[in-house]
Amino acid sequence: MEKRLILRGVLAGAVGGVLAFVFARILAEPLIQQAIDYEEGRSHALGEGHEHEMFSRTIQENVGIGAALILFGVAMGALFAVAYAICLGRVGRVRARPLALLVAAAAFTGVYLVPFLKYPTNPPAVGNDATIGLRSSLYLVLTGASVVLMILATWLGRRLHPRFGTWNAALLAVGAYVVAIGILFALLPDLGDLDANKELHQSTETPLPLLDGDGKIIFPGFPADLLYQFRLYAVGAQLLMWAAIGLVFGTFAERLLERPRVAERPAAVTLA
């Protein structure tokens, strides 16, 4: 049964990855190109040369992002199926399809949305090259902690269920998760507080305007609207992927787990 669920999770993840790629290709890629154009203009204003990339933009915006999102969707779909199998029969009397949607919503929140709120996705040109390693480590730590805390919150809800009932137990478990995440947010540093950014005397990794010796702007800062739209579409792509995984997998799981049983034919009676 577990292998069949994982196979269906892989298929659902592939569907989610394809949909996320189409979404990103249509809406996010033009913003990425604008960010690249800004980065090149800023480098020119600073008198820096342009670095030639190994792969062309055509390859990156089609093959690169497509392969990345589809493979990511497949991996998340497989992990989703494992989480679903663990939750099956352990979170109350929830039918196959609603359970898939609940697990997908929890995965989207714990794996992507919560880490995004602290360390949001950035387009090209946004971010200090000196902090790439540390930023990646912080993001992975927060993602792992979010998943662990969500598992603990699920366990807490199950323990509280006999005493407080389903609804109150769920609210208490969610509240505990939110409080724990809030504490974690307070303990982890903001990107502007990293030493590499402090050395540049700035509290953000978003490029600020370039000034000449007289304080006049010779090149603008990174457009706020572009940054907002890019992050909005990044969340949209992930939301679409996880929604597709939940819906597609839920349909598969319902057919697999709740298929009607064929009534057994009564045994023939032989008359002597």
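Up top is the structure these notes are about.
Note that the structure is predicted; figures quoted are calculated from it, not measured. (Residues numbered from 1 in each chain as written. Predicted model: local features only at pLDDT ≥ 70, side-chain atom pairs only at ≥ 80, totals over all residues. Heavy atoms only, no water.)

So, the pattern of salt bridges
Here is step 1: All told, the structure shown has three salt bridges when counted by the stated rule.
Here is step 2: The salt bridge involving Arg97 is made with Glu254; its shortest N-O contact spans 2.7 Å. Remark: Glu254 occurs in helix 6 (residues 224-257) and Arg97 occurs in helix 3 (residues 96-118); sequence separation between them is 157 residues.
Here is step 3: For Arg97, a relative accessible area of 33% puts it in the partly exposed group.
Here is step 4: Given a relative accessible area of 24%, Glu254 falls into the partly exposed group.
Here is step 5: Measuring nitrogen to oxygen at the nearest pair gives 2.7 Å for the salt bridge that ties Lys118 to Asp190. (Salt bridge = Lys/Arg side-chain N within 4 Å of Asp/Glu carboxyl O. Helix = DSSP H or I, 4+ residues; strand = E, 2+ residues; numbered from the N terminus. Buried < 20%, exposed > 50% of the residue type's maximum accessible area, 1.4 Å probe, protein only.)

A closer look at the layout of surface pockets
Here is step 1: Reported here for the largest pocket is a volume of approximately 1600 Å³.
Here is step 2: Lining of the largest pocket is provided by 42 residues; of these, Cys87, Val91, Ala106, Met150 and Thr154 occupy positions nearest its centre.
Here is step 3: The biggest single contributor to the lining of the largest pocket is helix 4 (residues 132-187), with 19 residues.
Here is step 4: Looking at the lining of the largest pocket, its residues break down into 32 nonpolar, eight polar and two charged. (1 Å grid on protein atoms, 1.4 Å probe; cavity = no way out; pocket = protein on both sides within 12 Å on 5 of 7 lines; lining within 4 Å. Points joined across faces, edges and corners; volume = space filled by probe spheres on them. Nonpolar A, V, L, I, M, F, W, Y, C, P; charged D, E, K, R; others polar.)

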